[in-house]
Amino acid sequence: MLYWLTALSDGGDFFNLFRYITFRAGGAFMTALFFGFIFGPPLINVLRKRQGKGQPIRDDGPETHFAKSGTPTMGGLLIVGALLTSTIFWARLDNGFVWMVLFVTLAFGLIGFADDYAKVSKGNVAGVSGKVRLGLGFAIAAVAAYWAMYLHGVNDVALAARVEDYDPLSGRVAFPVFKDTLVNLGWFFIPFAMFVVVGAANAVNLTDGLDGLAIMPVMIAAGALGVIAYTVGRVDFTDYLDVHYVPGTGEILIFVAGLAGGGLGFLWYNAPPAAVFMGDTGSLALGGALGAIAVATKHEIVLGIIGGLFVAEALSVIIQVFYFKRTGKRVFLMAPIHHHYEKKGWAEPQIVIRFWIIALILALIGLATLKVR
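Rules behind the numbers
Residues numbered from 1 in each chain as written. Predicted model: local features only at pLDDT ≥ 70, side-chain atom pairs only at ≥ 80, totals over all residues. Heavy atoms only, no water. Helix = DSSP H or I, 4+ residues; strand = E, 2+ residues; numbered from the N terminus. Rg over C-alpha atoms; globule rule 2.2 N^0.38 Å. Buried < 20%, exposed > 50% of the residue type's maximum accessible area, 1.4 Å probe, protein only. Contact = heavy atoms within 4.5 Å. Patch = residues over 30% accessible without salt bridge, like charges linked within 9 Å, V, L, I, M, F, W, Y side chains within 5 Å. Areas by Shrake-Rupley, 256 points an atom, 1.4 Å probe, with all protein chains shown as cover. Salt bridge = Lys/Arg side-chain N within 4 Å of Asp/Glu carboxyl O. Bend = angle between axes of the 7 residues up to and from the residue. Axes fitted to C-alpha atoms, helices over the stretch in contact; angles between N-to-C directions. Parallel < 35°, antiparallel > 145°, perpendicular 65-115°, else oblique. Nonpolar A, V, L, I, M, F, W, Y, C, P; charged D, E, K, R; others polar. Expected span 1.5 Å × (residues − 1). Phe/Tyr/Trp six-rings, centres within 6.5 Å; stacked < 30°, edge-to-face > 60°. Lys NZ or Arg CZ within 6 Å of the ring centre and 35° of its normal. Core = buried A, V, L, I, M, F, W, Y, C linked by side-chain atoms within 4.5 Å.

## A short note on the overall build of the protein chain
Next, step 1: Scanning the protein chain from N- to C-terminus turns up 15 helices and 2 strands.
Next, step 2: Taken against the 2.2 N^0.38 rule, which gives 21 Å for 373 residues, the C-alpha radius of gyration of the protein chain at 21 Å falls within 12% of a compact globule.
Next, step 3: Taking the principal axes of its C-alpha atoms as reference, the protein chain extends roughly 60 × 50 × 35 Å.
Next, step 4: Residues counted as buried form 52% of the 373 residues belonging to the protein chain.
Next, step 5: Taking all contacts inside the protein chain whose residues are at least 6 apart in sequence as the whole, residues at least 24 apart take part in 73%.

Structural data, given as structure tokens:
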């Protein structure tokens, strides 16, 4: 919204700053950060009063978690509110990619809110059924996938008229490292993108099990995707790096900056011992956002590298369930895998910080794919 100040200005240097994505990203970050600091305490107080006993604790969970009984959940409202406010204020609202990512974030956040509300109101860990959550998630992802195909198609028409031998992006999947490799999935791109978005949302949801464990890797992954979004949205950068140009994705950096600011504001209250939990409200929303950004920027496969920590958490659950059904035995002491290390005697801060380090390493490897061709 503040971008349009440039249209009302006389062209002075100060107002021209609003034309730069990097300047507005800084503004979005600070706006979201202050939003978190200002609204965090009153939101936590409201959640504590409304929820009473707080988030229900799994009976079969690690013994150390019972000490967290009474901690309120739905803290994801703080993150989503911060990134929504900062994005609306600082991003160009005529950008379709921004609205697509916001749509996925808010829609998955609503699913998570319904799940959290059901858990708190019932006083147990049984929230909205998994089938309902997956069904709604796939429906939202289908809309987002079609939306992304449309936006990429609009870009294809515009660029084909200007660039000789232009290779269209709509309905295609780009592969990292391999130069100019595009696989045309056609309409099958929609189920592929649906899997990416829903998979990312649920993988982050599974990772959210310890104080501060999910939010920092989400911010790291989002930061890496923000760099990618800004890079592929600039033709000079894409020419130099020899990656695919996706006009308009640079504005996603504003959203990512808002996510980072809101995430840090939330982490202030979620740091051990947590005063509030993110809940499914936050984890599903943020995971869906990562998937949507990857689809928008044509870096769906790179998301698997950048978000490798989330992939490992999800795989640990899949492997555990599959192996147990086949043999009646467990591969891990407990799944997701962060609980396995709790059972082995690792302290919670030790697990969290080491997982943060792994997330950072994977993000750097994912970013390296921009240059390695």
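## Comments concerning a nonpolar patch on the surface
Next, step 1: Residues M30, F34, F37, I38, F39 and W268 make up a contiguous nonpolar surface patch of about 650 Å² in total accessible area.
Next, step 2: Here the nonpolar patch gets 5 residues from one element, more than from any other, and that element is helix α3 (residues 21-51).
Next, step 3: Position of F39 relative to the elements: it lies in helix α3.
Next, step 4: Classification of F39 as partly exposed rests on a relative accessible area of 43%.

## Description of the environment of I140
Next, step 1: You can see I140 is positioned in helix α6 (residues 130-160).
Next, step 2: For I140, a relative accessible area of 12% translates into the label buried.
Next, step 3: Setting aside anything within four residues of it in sequence, one finds I140 in contact with F103, V104, A107, F108 and I111.

## With respect to α3
Next, step 1: The largest bend in α3 comes to about 45°, at F39, with the proline P41 one to four residues further on.
Next, step 2: Two residues or fewer after α3 comes G52, characterised by a positive phi angle close to 65°.

## Here we look at the packing of helix α7 (residues 189-207) against helix α13 (residues 308-327)
Next, step 1: Remark: α7 packs on α13, axes separated minimally by 8 Å, with the N-to-C direction vectors making an angle of 80°. In terms of orientation, α7 lies roughly perpendicular with respect to α13. Facing A203, V204, L206 and T207 of α7, the residues of α13 in contact are F310, E313, A314 and V317.
Next, step 2: Its residues assigned to classes, the contact of α7 with α13 comprises 6 nonpolar, 1 polar and 1 charged.

## A closer look at α13
Next, step 1: In this model α13 runs 27 Å from its N-terminal to its C-terminal C-alpha over 20 residues, within 8% of the 28 Å that 1.5 Å per residue would give.
Next, step 2: Listing the buried residues of α13 in full gives G308, L309, F310, E313, A314, S316 and Q320.
Next, step 3: The elements touched by buried residues of α13 are α7, α8 (215-232), α11 (279-297), α12 (300-306), α14 (337-343) and α15 (348-368).

## A few points about the packing of aromatic side chains
Next, step 1: What the rule picks out here adds up to 11 aromatic pairs.
Next, step 2: Measuring from ring centre to ring centre gives 4.6 Å for F35 and F39, while their planes differ by 40°; the resulting arrangement is tilted. On the criterion of helical spacing, the pair formed by F35 and F39 is a turn pair, its members being 4 residues apart in helix α3.
Next, step 3: Judged by centre distance (6.0 Å) and plane angle (50°), the rings of F103 and W147 are tilted. Residue F103 is found in helix α5 (residues 96-122), and its partner W147 is found in helix α6; the two are separated by 44 residues along the sequence.
Next, step 4: Between R354 and the ring centre of W346, over which it is positioned, the NZ or CZ distance is 4.8 Å.

## Looking at the nonpolar core
Next, step 1: Ranked by internal contacts, the top residues of the largest apolar core, which has 100 residues, are F108 and F255.
Next, step 2: Top contributing element to this core by residue count: α8, with 13 residues.
Next, step 3: Ignoring sequence-local partners within four residues, the contact set of F108 consists of G137, I140, V197, V198, A201, L284, A285 and G288.

## Comments concerning unusual backbone geometry
Next, step 1: Omega for the bond connecting P272 with P273 falls within 30 degrees of zero, at -10°, which places this linkage in the cis form.
Next, step 2: Of note, P273 is situated in the loop between α10 (252-270) and α11.
Next, step 3: With an omega dihedral of 0°, the bond running from A335 to P336 counts as a cis peptide bond.
Next, step 4: For P336, the location among the structural elements is in the loop between α13 and α14.
Next, step 5: Even without being a glycine, M74 presents a positive backbone phi close to 70°.
Next, step 6: The topology assignment puts M74 in the loop between α3 and α4 (76-90).

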